[in-house]
Amino acid sequence: MATILLIEDGPGIGGQLPSLLAAAGHRVLWCGGGPTPLAACPLLRQGRCPLPDAAELLVFACPLDLPLRGRSYRGRHLLRAYRAHPDYGRLPLVLVAVAPPHDLEGPGSIELVETFTDPAAVLAAVNRLLQPPGHPPIRSAADPGRHGSAAAG
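No experiment lies behind these values; they were computed from the predicted model shown.

Q: Looking at this structure, how should I read the overall build of the chain?
A: Scanning the chain from terminus to terminus reveals five helices and five strands. Listing the helices and strands of the chain from first to last along the sequence gives β-α-β-α-α-β-α-β-β-α. With 153 residues in all, the chain has 49% of them scored as buried. Counting contacts in the chain only where the partners sit at least 6 residues apart, residues at least 24 apart contribute 59% of the total. In the form shown here, the chain has an accessible surface area of approximately 7,600 Å², with 58% of it arising from carbon and sulfur atoms.

Q: Honestly, the nonpolar core in this entry has me stumped. Any pointers?
A: Soluble globular proteins tend to bury their nonpolar side chains together. Counting 25 residues, the largest nonpolar core has L5, I7, L58, F60, Y82 and L95 as its most contacted members. Of all the elements in the fold, those that place two or more residues in this core are β1 (3-7), β2 (27-31), β3 (57-60), α4 (75-84), β4 (93-96) and β5 (110-113). When residues in this core are grouped by element, the largest group, four residues, is from α4. Contacts of L5, omitting those with residues within four sequence positions, involve L29, W30, C31, L51, P52, A55, L57, L58, V59 and Y82. Counting residues in each nonpolar core, the second largest holds 17 residues, with A2, V122, A125 and L129 among its members.

Q: Got a minute to help me understand the packing of aromatic side chains in this structure?
A: Think of a pair of aromatic rings as described by two things: how far the centres are apart, and how the planes are tilted against each other in angle. Inspection of every chain in the model, using the stated rule, returns one aromatic pair. Note on Y82 and Y88: the rings are 6.2 Å apart at their centroids and 50° apart in plane angle, and the pair reads as tilted. Like Y88, Y82 is buried.

Q: Can you walk me through the pattern of salt bridges in this structure?
A: Between side chains of opposite charge, a pair can form as their charged atoms come close. A complete count under the given rule lists four salt bridges for this structure. The shortest N-O distance in the salt bridge between D53 and R48 comes to 2.7 Å. You can call R48 partly exposed: its relative accessible area is 38%. Here E111 and R128 are joined by a salt bridge, their closest N and O atoms 3.0 Å apart. Within this pair, whereas E111 is found in strand β5, its partner R128 is found in helix α5 (residues 119-130), the two being separated by 17 residues in sequence. Residue classification places E111 among the buried positions, given a relative accessible area of 4%.

Q: Looking at this structure, I do not really get the confidence of the model for the chain. What am I missing?
A: Keep in mind that low pLDDT regions are not for reading the predicted coordinates in detail. For the chain, mean pLDDT is 79; residues scoring 70 or higher make up 75% of the total. Highest mean pLDDT in the chain belongs to β3 (94); lowest belongs to helix α2 (residues 42-46) (81). When the criterion is pLDDT under 50, residues 137-153 qualifies, and its contacts beyond four places in sequence or with other chains add up to 32 contacts.

Q: Got a minute to help me understand the pairing of β4 in this structure?
A: Strand residues, when the strand is regular, have side chains that alternate between the two faces of the sheet. The two faces of β4 match: L93 and L95 on one face and V94 and V96 on the other face are all buried. One ladder, built from three bridges, connects β3 with β4; its direction is parallel. Along β4, the bridge assignment pairs V59 with V94. Pairing between β4 and β5: four bridges, direction parallel. Looking at the pairing, L95 lines up with L112 of β5.

Conventions and cut-offs
- Residues numbered from 1 in each chain as written.
- Predicted model: local features only at pLDDT ≥ 70, side-chain atom pairs only at ≥ 80, totals over all residues.
- Heavy atoms only, no water.
- Helix = DSSP H or I, 4+ residues; strand = E, 2+ residues; numbered from the N terminus.
- Buried < 20%, exposed > 50% of the residue type's maximum accessible area, 1.4 Å probe, protein only.
- Contact = heavy atoms within 4.5 Å.
- Areas by Shrake-Rupley, 256 points an atom, 1.4 Å probe, with all protein chains shown as cover.
- Core = buried A, V, L, I, M, F, W, Y, C linked by side-chain atoms within 4.5 Å.
- Phe/Tyr/Trp six-rings, centres within 6.5 Å; stacked < 30°, edge-to-face > 60°.
- Salt bridge = Lys/Arg side-chain N within 4 Å of Asp/Glu carboxyl O.
- pLDDT = per-residue confidence, 0-100.
- Pairing = 2+ DSSP bridges.

See the structure below:
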């Protein structure tokens, strides 16, 4: 399957996702927005990070408008940094949010999953994004249908 980077800050939908994604055969890497509460993530600090370097898909489940715990930046800043990056912006992205920012850069596909939804909807969005072009989507019992989608271009 795929290597997925789960970017989340605190409890919420992200709490159930690692086991759900792993049960579907994916390798899950986790990022809480930075290596320590006192330091920004390597992406914001140095422009690169080994976690997205190893990922095939991103799941971003941080609150967009609140400061990330112990950091001076908000989820929106981190999301924009991922999308504006020449490599990471090409990765498919499942964005767990109430509404996406309108000014996201990056050519990678985006699926929007509402914040307070069943975590299985995230898995369904991951499955859709991982489908090769021209193939019908994989549907499972946990896939209640498309919860929202936005194509970045």
